[in-house]
Amino acid sequence: MKPSHKLLFVLCPMMVLGFIYYSSGKLHLHVWGQKPQLEADIALTMGGIVGSVYDKEGFLLKLDGQLPAELAYKYSNLSEGVCKPGYAAAKMTTIYPKFMKPAPMFLDRNFKRLAKVRNYLPPFGFKTQERIIDSILTATKNYGLGEDLDSLGCKRCIIVGNGGILANKSLGSRIDDYDVVVRLNEAPVTGFGKDVGTKTTMRITYPEGAIQKPERYEKDSLFVFSAFKPLDFKWLRQMVFKEKLSLLKREDLEIESEAGRREEARKVSEGKSERGTEGFWKSVAHYVPREPTEMRILNPYFIQEAAFQFIGLPLNNGLMGKGNIPTLGTVAITMALHNCDEVVVAGFGYDMNTPHAPLHYYETVKMSAIKESWTHNISKEKEFLRKLVKANIITDLTNGI
Ligand SMILES: *[C@@H]1O[C@H](CO)[C@@H](O)[C@H](O)[C@H]1NC(C)=O
Ligand SMILES: *[C@@H]1O[C@H](CO)[C@@H](O)[C@H](O)[C@H]1NC(C)=O
Ligand SMILES: *[C@@H]1O[C@H](CO)[C@@H](O)[C@H](O)[C@H]1NC(C)=O
């Protein structure tokens, strides 16, 4: 046996003992001091005999892909591969009892009634942006996926991430088979059809991530806007009304988030800031070749729920702060859990053990280029996504999560 193995041999039991000792101290605290967030630790050590069987985010500690009896019965007559109505939300509720399914995909004219988002500033809500949203929604006139998809009795959705893991897997035709194909930001389809498919039901994007070359927008897809800062809504209004981009206004910069300011300060110091796009952390599209009727605003609830409930990122008084913004991919999955009967993903996950593998399927930037992010918490986010995969709530076609 190597010396290092011997050391492990000794260390492991010590760590287990230490953990039990440590947790029993916490148990004491729990009994006498009412600290509910310690429940997960207790359940871990006590094997669920005492305390909660849920972790501190509220997910069942013991996850498996099995169907509870009532669901197994409900789907017992469906043949293999047939869409299971209500599956994602029902399975989610079994591992996360707090899950409340109704949450509209997009904002509609009644958006001010959405209690969970109206008191939060972007990105967790729309407070201060009501008037601008009203004017945008008056122009878009449509607030759903379109008649055909909205009337489907059972929808199967796929969220296509941008990961290099999609390259050379020939998943294109499988991806195109889904009723709803969700793509993110500028990830291209042309030239990559064999691996990523050609169908795009919607493309969810924020200003800095939007496709910049008008000819690269695919036809028949919805332009779905996800706001991360107040200034983003102003950009969207200019895209909807086809106005000339003019965002450089003192007042916009003043309401800018701390995160945006820091990013911008960094860009300026690196000489990468572009005139006319101050307040954005990289250059943004100046024109989106979409009719207003093909544009939608993603319900900001999905950002809020993913951040504070599912992943457990710091609340920071409900404001954008260090490491409390979920990535767009996880926001899209959260949206799908509420609005699709089955949810599948592909192209998600980074494998840090292969630094020379491509980060995205469409460019040669290497995995090693990924830097510690100020806004996201990739590792905490991955813990959440792993729970979904483990419980079979989502299927990961590329096994990167
Ligand atoms: C499955 O089919 C059988 C026979 O047609 C029927 O009696 C039963 O109610 C069905 N079960 C469900 C859950 O629909
Ligand atoms: C995919 O295949 C092409 C052509 O064989 C090759 O050049 C490329 O490196 C491959 N990409 C990955 C990520 O394996
Ligand atoms: C991510 O979360 C972990 C655990 O809460 C924390 O220790 C870490 O500092 C966070 N990272 C970032 C970038 O906020």
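Use the structure listed above.
Residues numbered from 1 in each chain as written. Chains lettered and ligands numbered in written order. Predicted model: local features only at pLDDT ≥ 70, side-chain atom pairs only at ≥ 80, totals over all residues. Heavy atoms only, no water.

## Some remarks on the pairing of strand β3 (residues 202-205)
Stage number 1. Covered by surrounding structure in β3 are Met202 and Ile204 together with Arg203 and Thr205, the residues of both alternating faces.
Stage number 2. One ladder, built from 3 bridges, connects strand β2 (residues 180-184) with β3; its direction is parallel. Among the inter-strand pairings, Arg183 is bridged to a residue of β3, identified as Arg203.
Stage number 3. Two strands pair when backbone bridges link them, and β3 and strand β4 (residues 222-225) are joined in this way by 4 bridges, in the parallel orientation. Bridged to Thr205 within β4 is Phe225. (Buried < 20%, exposed > 50% of the residue type's maximum accessible area, 1.4 Å probe, protein only. Helix = DSSP H or I, 4+ residues; strand = E, 2+ residues; numbered from the N terminus. Pairing = 2+ DSSP bridges.)

## Describing the pattern of salt bridges
Stage number 1. If you walk through the whole model with that rule in mind, you get 8 salt bridges.
Stage number 2. Between Asp55 and Lys387 there is a salt bridge whose closest N-O contact spans 2.8 Å. Note that Asp55 is positioned in the loop between α2 (39-46) and α3 (69-74) and Lys387 in helix α15 (residues 378-390), a separation of 332 residues in sequence. For the residue pair Asp55 and Lys387, the accessibility class agrees, reading buried in each case.
Stage number 3. For the salt bridge of Glu218 with Arg203, the shortest nitrogen-to-oxygen distance reads 2.8 Å. Taken together, the residues Glu218 in the loop between β3 and β4 and Arg203 in strand β3 connect sequence positions 15 residues apart. For the pair Glu218 and Arg203, a shared accessibility class is recorded, and that class is buried.
Stage number 4. A single network of salt bridges, built from pairs that share partners, joins Asp55, Glu57 and Lys387. (Salt bridge = Lys/Arg side-chain N within 4 Å of Asp/Glu carboxyl O.)

## A look at the packing of aromatic side chains
Stage number 1. Summed over the entire model, instances satisfying the criterion amount to 18 aromatic pairs.
Stage number 2. For the pair Tyr206 and Trp281, a centre-to-centre distance of 6.3 Å together with 45 degrees between the ring planes defines the contact as tilted. Of this pair, Tyr206 sits in the loop between β3 and β4 while Trp281 sits in the loop between α12 (258-269) and β5 (295-297), and the two are 75 residues apart along the sequence.
Stage number 3. Owing to a relative accessible area of 17%, Tyr206 belongs among the buried residues under this scheme.
Stage number 4. Trp281 sits in the partly exposed class, given a relative accessible area of 29%.
Stage number 5. Summarising the aromatic geometry, the rings of Phe223 and Trp235 are spaced 6.3 Å apart at their centres and angled 40 degrees between planes, so their arrangement reads as tilted. Note that Phe223 is positioned in strand β4 and Trp235 in helix α10 (residues 230-240), a separation of 12 residues in sequence. (Phe/Tyr/Trp six-rings, centres within 6.5 Å; stacked < 30°, edge-to-face > 60°.)

## With respect to the packing of helix α13 (residues 301-311) against helix α14 (residues 328-339)
Stage number 1. Closest axis-to-axis distance for the α13/α14 pair is 9 Å, and the angle between their directions is 100 degrees. Between α13 and α14, the interaxial angle falls into the category roughly perpendicular. For the pair α13 and α14, contact is made by Tyr301, Phe302, Ile303, Glu305, Ala306, Phe310 and Ile311 and by Thr330, Val331, Thr334, Met335, Leu337, His338 and Asn339, respectively.
Stage number 2. Looking at the contact of α13 with α14 residue by residue, the class counts come to 9 nonpolar, 4 polar and 1 charged. (Axes fitted to C-alpha atoms, helices over the stretch in contact; angles between N-to-C directions. Parallel < 35°, antiparallel > 145°, perpendicular 65-115°, else oblique. Contact = heavy atoms within 4.5 Å. Nonpolar A, V, L, I, M, F, W, Y, C, P; charged D, E, K, R; others polar.)

## With respect to the nonpolar core
Within soluble globular proteins, side chains that are nonpolar tend to cluster in buried spots.
Stage number 1. Membership of the largest hydrophobic core comes to 82 residues, with the highest contact counts inside it found for Met202, Ile204, Trp235 and Leu337.
Stage number 2. Apart from residues no more than four positions distant in its own chain, Met202 is found in contact with Met105, Phe106, Leu145, Val180, Val181, Val182, Arg183, Leu222, Val224 and Met335.
Stage number 3. Core analysis: the next-biggest nonpolar cluster, separate from the first, contains 14 residues, Ile158, Tyr178, Tyr362 and Leu397 among them. (Core = buried A, V, L, I, M, F, W, Y, C linked by side-chain atoms within 4.5 Å.)

## Examining the environment of Gln66
Stage number 1. Its location among the elements puts Gln66 in the loop between α2 and α3.
Stage number 2. Given the relative accessible area of 61%, Gln66 is considered exposed.
Stage number 3. For the pair Gln66 and Ala391, spaced 325 residues apart in the sequence, the C-alpha separation amounts to 7.5 Å.

## Re the sheet that holds strand β7 (residues 394-396)
Stage number 1. With parallel pairing, the 7 strands of this open sheet are ordered in space as β5-β4-β3-β2-β1-β6-β7. In this open sheet, the two strands that pair with only one neighbour each are β5 and β7. Each neighbouring strand pair of the sheet contributes to a mean axis angle of 25 degrees, computed without reference to strand direction.
Stage number 2. Sitting on the sheet, α10 touches β4 and β5, and the angle it makes with β4 is about 155 degrees.

## Examining the site of ligand 3
Stage number 1. Lining the immediate environment of ligand 3, one finds Lys322, Gly323, Glu372, Ser373, His376, Asn377 and Lys380.
Stage number 2. In this structure, Asn377 approaches ligand 3 through a side-chain N or O atom, which is 2.3 Å from an oxygen atom.
Stage number 3. In the complex, the protein chains occlude 50% of the 370 Å² of accessible area that ligand 3 would expose alone.
Stage number 4. Considered class by class, the residues forming the shell around ligand 3 number no nonpolar, 4 polar and 3 charged. (Near = heavy atom within 4 Å. Polar contact = N/O pair within 3.5 Å; in protein donor to acceptor, adjacent residues only side chain to side chain. Areas by Shrake-Rupley, 256 points an atom, 1.4 Å probe, with all protein chains shown as cover.)

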